[in-house]
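Coordinate analysis (summary)
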Amino acid sequence: MITLNGNQNDKKEDEFSGKKLKALPTELLRRGGEAVKVDLQRNRLKQITGISELTNLKELNLSRNEITDFPSEIRGLRQLETLYLSQNSIKTIPENVFPSLGKLNFLKLSTNRLEMLPNDLSRCQDLTYLNLSNNCLKNLDPVVGLSRLKELYVERNKLAELPGLLFQNRSLNQFKANGNPLRKPPAEVCVGGLRDIQSYFSMLEANAPNVYTVKTMFLGTSMAGKSTLCRSLKQGCPVPVEEADRTVGIDISEVDKGDGIRFFFWDFAGQEEYYITHHVFITAQAFVILAVNLSSYKMDDQSFQQNVSFWIKNLQLKIPESVVLLVGTHVDQCTDETEVNEKKKHIQGRVKEMLEDHTNNLELRMKNLQDGDNPSSNSDQINQIEKLTEYKLKVLDFVLIDCTKQEDIDRLHTRIKDEVLNKDTFPNLEQTLPGIYYNVENDIQELLKNGDIQEHGIVSQDELLSELKSRHATLDEDQLKLILQYLHRIGVIMWYKEIPELAGSVFVKPSFLISLFKTIVRHDLVQELNKISPKQMKSEKAIGRDKMRWISDYKDRASLSNVAIRILVRTELQMNCCINDEELIEEVVGSEKKEGSLLSLLKHFDICLSTKHSSPLNPEANEFCPKKNWVASNPIVYEPDACLFPSNLRDNKQVEQKWESDKTEDINIHVYFLPERPHGFFQRLVIRTCSLYSPYWLGKDQCMLCCGNIRFLLRERCDEDQFIEIRCKESDLINPGDNKKAWRVIREIMKRLNTLTEQWQGLCQRVLSPCKASDCKEFFEWNDWKEWLEDSGTNPFDVGLEETQICRNGHQRKTELLFPRTPDA
C-alpha cells in the first residue's frame, strides 16, 4: 500500500507493517529509487535481500522482525537518514557498514542481543540520536567519537564503566544508563542524569580511590532474630534483644570495622504491617541477610512460604541480581542437632526447587511466544522475558547461628566479610569515587558531632550548603548539591528535593526520620492511639469521643485522622527525641492549615492517601427543590482531614455496593504480571490513581472511581494467573465523546501502572482484553500498548483501527469496547 506522508516535501511512504512478510515485497523492489520512506515493522523478516536497490531511501523501519544478523546490504543506502532496527535479535554488527551511511542521523537499535559495537560507528558524524538500550553491551568506546550526538540511551545493558571522554561532548543533552551494573560512575550517580555524570567526571582525580560500601539488609518474619543478629554483629559480641525491644519500622546503623569495608545495617521489622514500606528502602547492590527462626520453623508449604519464599520472590522482583545469605537462628532452642540439620536440608532443597521453577517458567513462557503464529508481534514480550532469565539471584550456603555464642558471631562476621570481598559474589561492589565525595560526607558528620547541626539532624538546605561552601571554596553550589544527592541515594543522608514540602530540609540522620515514619506505620497503632491522654487531646481541640472515632475508623475503614497523626508525631518528637523547638515540630507535624513534612513523605512513598479533596462543581448534580429530600450525586464516603491506608482494608463491601455487578459489554482489560505481582503493588496503584480522580471507594482488593458519571473499577485478581483488572461501565457511555473520555482515563491508569512496574527490575507485563462471548476463553492481545501510553494523542492506536475484532473462536465485537480506537483529543 502506498500513501502520502503528508509533509511539505510530499514524500511517498511505503507501508507494509504487520503483513507477516518473510521477504521484501516485489512491488517495493520494483519501485527501486522511487521509495523514500518504507515501514516494514511487525513482520517475520530474517533477511532483507534487495534492499540496496532502494537507492534514494531516507527512512527505513525494520523494528519487530526476526533479524539475527545485521543486514550488511544496508551499506548501500547512502541517502539513509533514519533507521529503526529495534526489537529484533541482532547479536553483532559487522565493520564497514556505517562508513557508508554518512547522512544517518537517527539510529534505534534497542532491544536486541548486541554484545559489542563496530569500531567504525564513529564514522557516522551526522548521528544525533542513538538508542542502544536493552542489549548486552559492556563497552561504549565506539560512541565517543560521535561529536554531534545529542541523545544517547544505553539503559539495561552490562556496562560497568562509562568512558569519561563521552561526557566532554558539548552536543550531548540527553543520556540515560539506568539498569547497568555500573561502578564508574556508580549507579547512584547515573540515576541523577547527565549533569550528575558530567560533574562526577569533572571532579574525578586520576588516582581516584576505590571503596567498598555495603548496604546490608536484615529481612525475615517477626521474631526471626534479625535485631539480635544486627546488633551482635555491630557490637562484635552476643547482644540479647528482648521481645518488647523488637524493631518497629526500620533501624539503621553504620558499622566500620577498619578493614576497608563500610557496612550500613538496615534492620527491617518483620510484621506484615511494615511490608508496604519495604520497597522504599530495598535497593540494588545490597547484601541481604535472611533470618529464619529454626525453632519455630515447620517443614511444610505454609512455613516455607512465610519464612523464606515470600522474601526471596520479592527480592527477585525488586533487585533480581541481589545476594542472599540464609541464616538459621535460634538453633539453641531446637531439640537436637538432628532437628536442625533436617530443617536446614528442607529449606535448602525448597529454595533450589523454587529458583529452578522460576527459571523454567520464564523459559517455557518465552518458548510458547516464539512458537506462536506470529512471534514478531510478541517480540517485545519475548525480549522482556529473555532479559528476566538472565537475572541470577544468588542464594549462598546456609549458615547456622547460636546468637548466644561469641564464636558463632565471629564466624558469621568472617563469612560476611569473605563474601563481600569475593569478586564472583559481588563483581561490581568496588566503586570509584572522587575524593571530594568522602570529604563532604566527613564534613557533615563533623558538623553533627560538633553541635553545628542539632542532634536530631534536621538542617536547612541553605545552611548546610553555606557551611560546606566555606570548607570547599573550589566547589560551586550545584556541585555540592550533586554530592548531597549521591549521599542521599546511598542512604547516608536523606534529602527529598523532589517533594516541595521537604526540598528545603536535609536529614543528616536518616534514623531520626525513620523514627518519625514508624510513629504512624506500626503494628500496634491502635494501642498507641489508646495511650493518647486528655491533655494531648485538648492541645488539638479534641475530646474523648473523637479518640473513640479515630480508633473505630482505623479498625473498620483504615482511615486515620490527621489530628491523631499530629498528636502521635508530636509526642514522639517531644518525649522520645527531646525536641522542644515549636517551629521545627510544626514543620514536621503540620497544622490545621498546613500539611506536615512527615505526611508529605508518607504520601510520596504511596503509603497513604489524603481523603480531603477539592472538586469542581458538578454540572450534573441533582437539582435542589424545597420540601424534597436532596441526594448527593457523588457522595464522598470518607470524612475530610484524614489519611487512608489501603493496605489495612479488610473487605470490599463499599466498592461492591457502588459498582453493583459486572456486565459483559463493559470495557475489560487484564494486565498480567510475570513472574508474579509484587506485594503491595495494587495498593500503591490505587493510591496513585485515586489522587487523580474523586470520588472513589476503596476495598481490600478493589477500587471504584468516577470521572463525571463514568464509573471505573480496579480489581486485583489472584487466580491461577495474577493480574489486575481494569473495567469501565459500558452503560455509563451514553453521551458523544464518552468513549474517548473513558479511554483517556484508562490510559492515565495504565501510565501509573507502567511507572510502578518499572520500579521492579524483575517484572514484566502482558495486556489482554478477554472475549465477551459467553463461555469463550479466548482474548485479544495488546501488542503496542506502551506506544499508546506514549502517544501524544494525535494518532489512533494501531491495534484497533478496524470497526470490529474477531477472536480465534470467531466471536465478533466492537473494537472500541476492546481497544482504544479513537484519537485522543
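The structure contained in this document is the topic of the report that follows. (Residues numbered from 1 in each chain as written. Predicted model: local features only at pLDDT ≥ 70, side-chain atom pairs only at ≥ 80, totals over all residues. Heavy atoms only, no water.)

Details of the packing of helix α10 (residues 435-449) against helix α11 (residues 461-471)
Heads up, the rule is: Angles here are taken between N-to-C directions and fall from 0 to 180 degrees, while the axes themselves are lines fitted to C-alpha atoms, restricted in helices to the stretch in contact. Each helix corresponds to a stretch of at least 4 residues labelled H or I by DSSP, and each strand to a stretch of at least 2 residues labelled E; elements are numbered beginning at the N terminus. For classification, angles of less than 35 degrees are called roughly parallel, those exceeding 145 degrees roughly antiparallel, those between 65 and 115 degrees roughly perpendicular, and all remaining angles oblique. Whether a crossing is left-handed or right-handed is set by the direction in which the near helix is turned from the far one by less than a right angle, anticlockwise for left-handed and clockwise for right-handed. Whether two residues are in contact is decided by their heavy atoms, any of which lying within 4.5 Å being enough. Residues are grouped as follows: nonpolar covers Ala, Val, Leu, Ile, Met, Phe, Trp, Tyr, Cys and Pro; charged covers Asp, Glu, Lys and Arg; every other residue, Gly included, is treated as polar.
Close contact between α10 and α11 brings their axes to 11 Å; oriented N to C, the two are set at 120°. With respect to their mutual orientation, α10 and α11 come out oblique. As α10 packs across α11, the resulting crossing turns out to be right-handed. Contact residues: α10 offers Val-440, Asp-443, Ile-444, Glu-446 and Leu-447, while α11 offers Leu-464, Glu-467, Leu-468 and Arg-471. Class assignment of the residues belonging to the contact of α10 with α11 gives a composition of 5 nonpolar, no polar and 4 charged.

A few points about the sheet that holds strand β22 (residues 667-674)
Put simply, the rule is: Pairing between two strands requires that DSSP report at least two bridges joining them.
Taken together, 7 strands build an open sheet; the order of strands is β23-β24-β25-β26-β22-β27-β28 and the sheet is antiparallel. In this open sheet, the two strands that pair with only one neighbour each are β23 (696-698) and β28 (779-782). Within the sheet, the average angular offset between the axes of one strand and its neighbour, ignoring direction, is 20°. Looking at chain direction, strand β24 (residues 702-707) and strand β25 (residues 710-718) are connected through 6 bridges and run antiparallel. For Cys-706, the partnering residue across the bridge sits in β25 and is Arg-711. Packing of helix α21 (residues 681-690) onto the sheet brings it into contact with β22, β23, β24, β25 and β26 (722-728), and relative to β25 it is tilted by some 165°.

Thoughts on the pattern of salt bridges
Convention followed: Any Lys or Arg side-chain nitrogen located within 4 Å of an Asp or Glu carboxyl oxygen qualifies as a salt bridge. Type-normalised accessible area, obtained with a 1.4 Å probe on protein chains alone, sets the label of each residue: buried when under 20%, exposed when over 50%, and partly exposed for intermediate values.
Within this structure, the stated rule accounts for 34 salt bridges. One salt bridge connects Asp-196 with Arg-489, and the closest N-O pair in it is separated by 3.4 Å. Taken together, the positions of Asp-196 in helix α3 (residues 194-203) and Arg-489 in helix α12 (residues 477-489) put the pair 293 residues apart, joining distant regions of the chain. Given the relative accessible area of 6%, Asp-196 is considered buried.

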